[in-house]
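Now for the letters of each chain:
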Amino acid sequence: MSERLNQQLLRLSLLLQLERRARQASGKELPYVMVNETAELVPFRQAILWRKDISRIEAVSGVAKPELNSPYALWLKSALQQLETSENPQQIKAFTAKDITTEVAKDWSEWLPEHGLWIPLPGSFGNKYVLTLF
């Protein structure tokens, strides 16, 4: 049981460190922190920070600045816009290619793993950001 307790304490410590790092980050640095440093807490292949109010990819894990006109970013923007209008977009939920239209979903396996996680990030100015983990 002590091993399990140690793992839980380690996860809690990582969460608190991530929160502190996010609070200390400048406005320009925060998107990068969100998509890259979250990996210490939750394993994922890729993280995307999506800004709902302007339908824009703000940050992608592993890159300093996302190339918004790349084929991947253009495809991903379509998929995220559809997820944004799906049922209960204000709740944390898992999603797959089945949650978007067939036209966009046909290219899913080329770009993403089978499942994703939709994590709305409430803020003082409303819920305009979503962290997606794949």
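Above this text sits the structure in question.
Now for a quick tour of the structure. Computed from a predicted structure; not experimentally measured.

### Details of unusual backbone geometry
Moving on, step 1. Of note in the backbone geometry, Ser55 takes a positive phi value of approximately 50° without being a glycine.
Moving on, step 2. Within the secondary structure, Ser55 is located in the loop between strand S1 (47-51) and strand S2 (56-60).
Moving on, step 3. Its relative accessible area of 18% is what places Ser55 among the buried residues.

### Regarding the side chain of Gln46
Moving on, step 1. Relative to the elements of secondary structure, Gln46 occurs in the loop between helix H2 (30-36) and S1.
Moving on, step 2. At 2.6 Å, the side chain of Gln46 forms a polar contact with the side chain of Tyr72.

### Here's the deal with the layout of surface pockets
Vacant regions in the atomic arrangement are exposed by a probe of water-molecule size rolled over the atoms.
Moving on, step 1. There is about 440 Å³ of room inside the largest pocket.
Moving on, step 2. In this structure, the largest pocket is lined by 15 residues; those nearest its centre are Leu30, Met34, Leu121, Gly123 and Tyr129.
Moving on, step 3. For the lining of the largest pocket, the secondary-structure elements that each account for two or more residues are H2, strand S4 (116-123) and strand S5 (126-133).
Moving on, step 4. Here the lining of the largest pocket is composed, by residue class, of 9 nonpolar, 4 polar and 2 charged.

### A closer look at the pattern of salt bridges
Moving on, step 1. Inspection of every chain in the model, using the stated rule, returns 7 salt bridges.
Moving on, step 2. Of the charged contacts in the structure, one is a salt bridge between Arg56 and Glu58, with a shortest N-O distance of 3.2 Å.
Moving on, step 3. For Arg56, a relative accessible area of 39% puts it in the partly exposed group.
Moving on, step 4. Judged by its relative accessible area of 18%, Glu58 is buried.
Moving on, step 5. What you see here is one network of salt bridges that share partners, running through Arg21, Glu29 and Glu37.

How each quantity is defined
- Residues numbered from 1 in each chain as written.
- Predicted model: local features only at pLDDT ≥ 70, side-chain atom pairs only at ≥ 80, totals over all residues.
- Heavy atoms only, no water.
- Helix = DSSP H or I, 4+ residues; strand = E, 2+ residues; numbered from the N terminus.
- Buried < 20%, exposed > 50% of the residue type's maximum accessible area, 1.4 Å probe, protein only.
- Polar contact = N/O pair within 3.5 Å; in protein donor to acceptor, adjacent residues only side chain to side chain.
- 1 Å grid on protein atoms, 1.4 Å probe; cavity = no way out; pocket = protein on both sides within 12 Å on 5 of 7 lines; lining within 4 Å.
- Points joined across faces, edges and corners; volume = space filled by probe spheres on them.
- Nonpolar A, V, L, I, M, F, W, Y, C, P; charged D, E, K, R; others polar.
- Salt bridge = Lys/Arg side-chain N within 4 Å of Asp/Glu carboxyl O.

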